[in-house]
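# A structural walkthrough
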Amino acid sequence: MSIHAGQFRELRLERLGRTFGGVAALRDVSLSIAQGEFIALLGPSGCGKSTTLNILAGLLAATSGSIFLDERRIDSLRPEQRGFGMVFQNYALFPHMSVAKNIGFGLAMRGIARDEIARRVGETVALVHLQGQEHKLPGQLSGGQQQRVAIARAIIIEPPLVLMDEPLSNLDAKLRLEMRAEIKRIHQTLGATTIYVTHDQEEALSLADRIVVLKDGVVRQVGAPDALYARPDHLDVAAFMGFRNVISGTVSRQDGDLAGLTVAGGKQVSGQARGRLAMSQKAVMAVRPEDMTPSPDGPIRAKIISSEFRGREFVGFAMSEEGAALAFVSDHPLTNGARIQLAADPMRAVVFPEVS
Amino acid sequence: MVPASQSAERRSILALLSGHGLDGLTLLVVPALLLVLGLFIYPFAYGLWLSLTPKAGGILANYATFFSDPFLYETIAKTLWLSLPVTLLNLVMAVPIALRVRLMRRQRLLTTILVIPITLGTVLVAEGMITYFGPQGWFNRVLLWLHLTSGPVKLTYNYWGVFLSLLITGFPFTFLLTLSYLSGVEAALEQAAATLGAGSWQRFRHVLFPLILPGLAITFCLSFVQAFSVFPSAVLLGAPAGPTRVISIAAYQAAFEQFDYSLASAIAIIMAVIQLGIVVAVLAARTLIYRGPAGGGKG
């Protein structure tokens, strides 16, 4: 294999900002990325993740801040001078060029000899499993194949950085899983530093070495997938990581990392304390549906609204006494309208100070 | 009462017709069809028939007359010598300007300014040009004042007068069509080319130009047909007895000076055949290049 990833030590984003017509889309984004890392920019639409990617690619100018590749400042370079590979959301394949021409485009623009291009296109085609499709036009390919062409075209130039803008969002569920594994495999083969934009937490968790959670143009948390999954720093990050149930109460007990809350009805719940908590302070506990189950002496009282059969278990939807919507799992069928008491696993619940 | 089998058969015929996209709604095409027949097909057929029934001689006598008289057949070359360079120059100017305008925020104002020459009509433009480009006009006064020329440059009542007029009236049309074809190319394609290392010229050469080429071919055909049928400016701004005696002047003179409608019809048919020939040639060349959608997404 003669295709490699471009070499560098560190890519540094320093206080990047971007405003659109006076509205800040991105504020003070700072990040340091090491060679070979797979970084996912995760957040809801409008959080600034695509803006960040476009600024990195040079397709959009930053209003403030700077980007360094090792000691070289690159934020004023045009996209064609940066040499980063980019995979676009709709692939942006050149419709009038064959698969081979599309993949070899970046090399042709660098004035590389024709037989050398042919050789490297052949290798890259093999790497993304597109053998036999070289002479087709993009319009004759399936979505998954177009995606492979887009990836091949970006990695053949051996870029120091590969940028991917929601590359799987146009594929159906089955193909998405397949291509996710492919992206992982190609990353592991080449070791190309990758920045991957997505709004799908599952994609981010399964692909990335580190996840950057963005919200309203601000970095909310940076961390490894398992850390982010188990210990989100903020309630909004927790919500994005699947902590769907939010129960409010007042802090009544603190025991190391464990915090106890008194909830409506006077009973106590507890979870891992995140952030600074003071006694008698208002706080919220967040817990995933799969970590909440019916229990005869469960502290949370609710009324079942509906339930769904999910094969292995039932998922119940309920309304707590204070009016919060709750989701939980149960091994037994549930009766709509019935009163129920729920308990959460303290090791898998998180407690945040309530922000007003 | 209709027998059951007969009504079933009736229904199946209707089902068959609707399977081919024909139903009650299809009848709405009839008025337009009648209009096309009455205003286009019939006059064309009548003109063809008229051209084949000359005042004297066999059915092709008019065509023989045209192609044996240099005063008549030379109009073809004169018209092509005007319309082809003008159309090409218009395209060559429209592409780079459209490339720039495509990125501008306030395109509407510019579009409005450009549409004005179209709405004014060729006669008004010609009248204005006679004064502006004339020996005493502003154009020559400025040239003299700047000492760029020793005497007035002759830009009216000759080839260049008609050339400029066709350029002015034809450009907006060419430009607007070109702009719409360029805007139809998905922006991400150019961005993708840029991230792959293509500079602005390479992006144009390898991505934009091949994708708008089919559209440029259509634009060329439409602009050419407009320029080829030039009449008012050739008379008003040109030398209608000399270098700008275009084919439509020949047809006009046959019809309204010699009152030979049959010969005039023959000239009109010759005009149509030449236009058709060039359009067919350009469109045939177009089939050799990529003509699919100018977007890179999943279709």
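Note on numbering: residues in each chain are counted from 1, in written sequence order. Note on labels: chains are lettered from A, ligands numbered from 1, in written order. Given that this is a predicted model, residues contribute local features only at a pLDDT of at least 70 and side-chain atom pairs are listed and counted only at 80 or more, while totals for whole chains, interfaces and linings are drawn from all residues.

## A closer look at the overall build of chain B
Check the secondary structure of chain B and you find 13 helices and zero strands. Secondary structure elements follow DSSP: runs of H or I of four or more residues count as helices, runs of E of two or more count as strands, with numbering from the N terminus. Shown N-terminal to C-terminal, the secondary structure of chain B runs as helices and strands in the order α-α-α-α-α-α-α-α-α-α-α-α-α. Between the two quantities, the radius of gyration covers C-alpha atoms and the globule rule is 2.2 Å times the number of residues to the power 0.38. By the compact-globule yardstick of 19 Å for 299 residues, chain B is too spread out, its C-alpha radius of gyration being 26 Å. Every C-beta atom is placed from the backbone, and the number of other C-beta atoms within 10 Å of a residue's own sets its class: buried at 20 or more, exposed at 12 or fewer, partly exposed in between. With 299 residues in all, chain B has 32% of them scored as buried. Long-range contacts, defined as pairs at least 24 residues apart, comprise 76% of the intrachain contacts of chain B with a sequence gap of at least 6. Our contact criterion uses C-beta atoms placed from the backbone: two residues qualify when those atoms are within 7 Å.

## Here we look at the overall build of chain A
A tally of regular secondary structure across chain A gives nine helices and 20 strands. Dimensions of chain A, computed from the C-alpha atoms along their principal axes, are close to 75 × 45 × 35 Å. Expressed as a percentage of the 356 residues in chain A, the buried residues total 42%. Sequence-distant contacts, at least 24 apart, represent 67% of the contacts inside chain A between residues at least 6 apart.

## A look at the environment of Phe204(B)
With respect to the element layout, Phe204(B) can be found in helix 10 (residues 200-228). We classify Phe204(B) as partly exposed; it has 18 C-beta atoms within 10 Å.

## What to know about the domain arrangement of chain A
As far as domains go, chain A holds domain 1 (10-233) and domain 2 (243-353). Summarising the inter-unit geometry, the C-alpha centres of domain 1 of chain A and domain 2 of chain A are found 39 Å apart. Domain ranges listed in this record stem from an automatic or a database domain assignment.

## Some words on the packing of helix 9 (residues 187-195) of chain B against helix 10 of chain B
Residues and elements named next belong to chain B. Running from N to C, helix 9 and helix 10 point in directions that differ by 140 degrees, and their axes come no closer than 10 Å. As the angle between them shows, helix 9 and helix 10 are arranged oblique. Considering only the axes of helix 9 and helix 10, their crossing is right-handed. On the side of helix 9, the interface is formed by Leu-189, Glu-190, Ala-193 and Ala-194, while helix 10 contributes Arg-203, His-206, Val-207 and Leu-208. Split by residue class, the contact of helix 9 with helix 10 holds five nonpolar, one polar and two charged. Lines are fitted to the C-alpha atoms to define the axes, a helix being fitted only along its stretch in contact, and any angle between axes, read from their N-to-C directions, falls within 0 to 180 degrees. When describing relative orientation, an angle under 35 degrees is termed roughly parallel and one over 145 degrees roughly antiparallel, while 65 to 115 degrees is termed roughly perpendicular and anything else oblique. When the near helix sits turned anticlockwise from the far one by under a right angle, the crossing is termed left-handed; a clockwise turn instead gives a right-handed crossing. Three categories are distinguished: nonpolar for Ala, Val, Leu, Ile, Met, Phe, Trp, Tyr, Cys and Pro, charged for Asp, Glu, Lys and Arg, and polar for the others, with Gly belonging to the last.

## Topic: the UniProt feature "transmembrane region" (unreviewed entry) in chain B
All names here are of chain B. UniProt positions are given in the numbering used here, feature names are shortened, and annotations may be inferred rather than shown by experiment. Residues annotated by UniProt as "transmembrane region" (unreviewed entry) correspond here to residues 21-45, 80-101, 113-139, 159-182, 207-228 and 263-285. Secondary structure within residues 21-45 divides into 68% helix and 0% strand; the distance between the first and last C-alpha atoms comes to 30 Å. Helix makes up 100% of residues 207-228 and strand makes up 0%, while its end C-alpha atoms are separated by 32 Å.

## Quick notes on the interface of chain B and chain A
With 24 residues of chain B at the interface, the matching set in chain A holds 27 residues. Those elements that provide at least two residues to the side of chain B that touches chain A are helix 9 and helix 10 of chain B. By residue number, the principal contributor to the side of chain B that touches chain A is helix 9 of chain B, which donates six residues. Across the side of chain B that touches chain A, the residue classes break down as 12 nonpolar, 10 polar and two charged.

## Overview of the sheet that holds strand 9 (residues 210-215) of chain A
Residues and elements named next belong to chain A. Note on pairing: two strands pair once DSSP finds at least 2 bridges between them. The mixed open sheet is built from six strands, whose spatial order is 6-7-8-3-9-10. Looking at the sheet topology across the chains shown, the edges are occupied by strand 6 (85-87) and strand 10 (218-223). Taken pair by pair, the neighbouring strands of this sheet meet at an average axis angle of 15 degrees, ignoring direction. Pairing geometry for strand 6 and strand 7 (residues 161-165), over three bridges, is parallel. Note that in strand 7 the partner of Met-86 across the bridge is Leu-163.

## Thoughts on the UniProt feature "domain: ABC transmembrane type-1" (unreviewed entry) in chain B
Summarizing the sequence annotation, UniProt attributes the feature "domain: ABC transmembrane type-1" (unreviewed entry) to residues 76-282 of chain B in the numbering used throughout. For residues 76-282 of chain B, the helix share is 77%, the strand share is 0%, and the end-to-end C-alpha distance is 19 Å.

## Some details on unusual backbone geometry
The phi dihedral of Asp70(A) falls on the positive side, at around 55 degrees, and the residue is not glycine. Inspection of the secondary structure puts Asp70(A) in the loop between strand 4 (64-69) and strand 5 (72-73). Overall, the presence of 13 C-beta atoms within 10 Å leaves Asp70(A) in the partly exposed class. Although it is not a glycine, Phe259(B) sits at a positive phi angle of roughly 50 degrees. Relative to the elements of secondary structure, Phe259(B) occurs in the loop between helix 12 (247-256) and helix 13 (261-286).

## Some thoughts on the environment of Ala154(A)
Here Ala154(A) shows up in helix 5 (residues 143-155). C-alpha separation for the pair Ala154(A) and Gly106(A), spaced 48 residues apart in sequence, amounts to 8.0 Å.

## Things to note about the nonpolar core
Remark: nonpolar core denotes a set of buried Ala, Val, Leu, Ile, Met, Phe, Trp, Tyr and Cys residues whose joining runs through C-beta atoms within 7 Å. By size, the foremost hydrophobic cluster in this structure holds 158 residues, and its most contacted members are Ala40(A), Leu163(A), Ala286(A) and Ile267(B). Counting only domains with at least three residues in this core, you end up with domain 1 (10-233) and domain 2 (243-353) of chain A. Among residues more than four places away in sequence, those in contact with Ala286(A) are Leu235(A), Ala238(A), Phe243(A), Asn245(A), Val246(A), Ala349(A), Val350(A) and Phe352(A).

## What to know about the sheet that holds strand 17 (residues 314-320) of chain A
All names here are of chain A. Taken together, the five strands give an open sheet; going across it, the order is 15-19-16-17-18, and neighbouring strands pair in antiparallel fashion. In the strand order of this sheet, the two ends are held by strand 15 (292-294) and strand 18 (325-330), each with one partner. Ignoring strand direction, the axes of neighbouring strands in this sheet form an average angle of 50 degrees. Pairing analysis gives three bridges linking strand 15 to strand 19 (residues 339-344), with the strands arranged antiparallel. The residue of strand 19 that forms the bridge with Thr-293 is Ala-343.

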